[in-house]
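Inside the fold
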Amino acid sequence: MKQWFEQWAVDWFSLLIPGAQILIIALAAWLLQRLLARGLTSLAGRYNMPPSMLLPLRGAIRWLVIGSAFMLILERFGVSASVLWTALTGFVAVAAVAFFAVWSVLSNLFCAALIFTVGPFRLGDRVEVLESAEKPGVRGRVVTINMLYTTLEDLSEGNQGALLQIPNSLFFQKIIRRWRGPELPQPLEK
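For the rest of this paragraph, the subject is the environment of R76. Residue placement: R76 occurs in helix α2 (residues 51-76). Here the alpha-carbon distance between R76 and A96, two residues 20 residues apart in the chain, equals 30 Å. Each residue touching R76, except ones within four places of it in the same chain, is listed here: Q21, I22 and I25.

A word on a nonpolar patch on the surface. Residues F99, V102, W103, V105, L106, L109, F116, M147 and L148 make up a contiguous nonpolar surface patch of roughly 800 Å² in combined accessible area. For the nonpolar patch, the element with the most residues is helix α4 (residues 103-118), which contributes 5 residues. Residue position: M147 is located in the loop between β2 (138-145) and β3 (149-154). What makes M147 partly exposed here is its relative accessible area of 39%.

What follows covers the pairing of strand β1 (residues 126-130). With 5 of its 5 residues buried, β1 lies for the most part within the structure. Going residue by residue along β1, you find R126, E128 and L130 tucked away on one face and V127 and V129 tucked away on the opposite face as well. Sheet topology places β1 next to β2; 4 bridges connect them, and they run antiparallel. Along β2, the bridge assignment pairs E128 with R139. As paired elements, β1 and strand β5 (residues 175-179) share 5 bridges and run antiparallel to each other. Following the sheet pairing, R126 is matched in β5 by W179.

Procedures and definitions
- Residues numbered from 1 in each chain as written.
- Predicted model: local features only at pLDDT ≥ 70, side-chain atom pairs only at ≥ 80, totals over all residues.
- Heavy atoms only, no water.
- Helix = DSSP H or I, 4+ residues; strand = E, 2+ residues; numbered from the N terminus.
- Contact = heavy atoms within 4.5 Å.
- Patch = residues over 30% accessible without salt bridge, like charges linked within 9 Å, V, L, I, M, F, W, Y side chains within 5 Å.
- Areas by Shrake-Rupley, 256 points an atom, 1.4 Å probe, with all protein chains shown as cover.
- Salt bridge = Lys/Arg side-chain N within 4 Å of Asp/Glu carboxyl O.
- Buried < 20%, exposed > 50% of the residue type's maximum accessible area, 1.4 Å probe, protein only.
- Pairing = 2+ DSSP bridges.

Encoded structure:
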């Protein structure tokens, strides 16, 4: 009986000790997060920080504390922190490279949605994309607008009828002139 009781106690203590450690880690993380949030709030009050700046800082602190506590808890289960850290940094690196690789496509897709909803120009409008207000730019009549680029029919002398495909994001990075009438106004002669 004594041997059975000793084995039973060892089994339960082998469960209770890690369980208590996990509970202590979670409680400590919660308290640390609360203390840091209150400290940040008092600092913000002292230096008159706007609430819009306070919200992302609180979120960053919360996720940093929760992530650290999660790593410590997984370590109690026998998972190596170095393996987790390697996997996490590898995943973040791949995600960053993938996001950078598709940034121009995502930018053009988002700008297409803005063109359709905000309506800086429409099909049939005549537009000019300028580098600056003084320099003449690319002129044309809007023929099609798709998710990646807008097609203009070139209206400049010598190139009339040619099609220009301009990335949608360019319309939000450059100065745009727009005319709704049937013809573009002639440039002023000096």
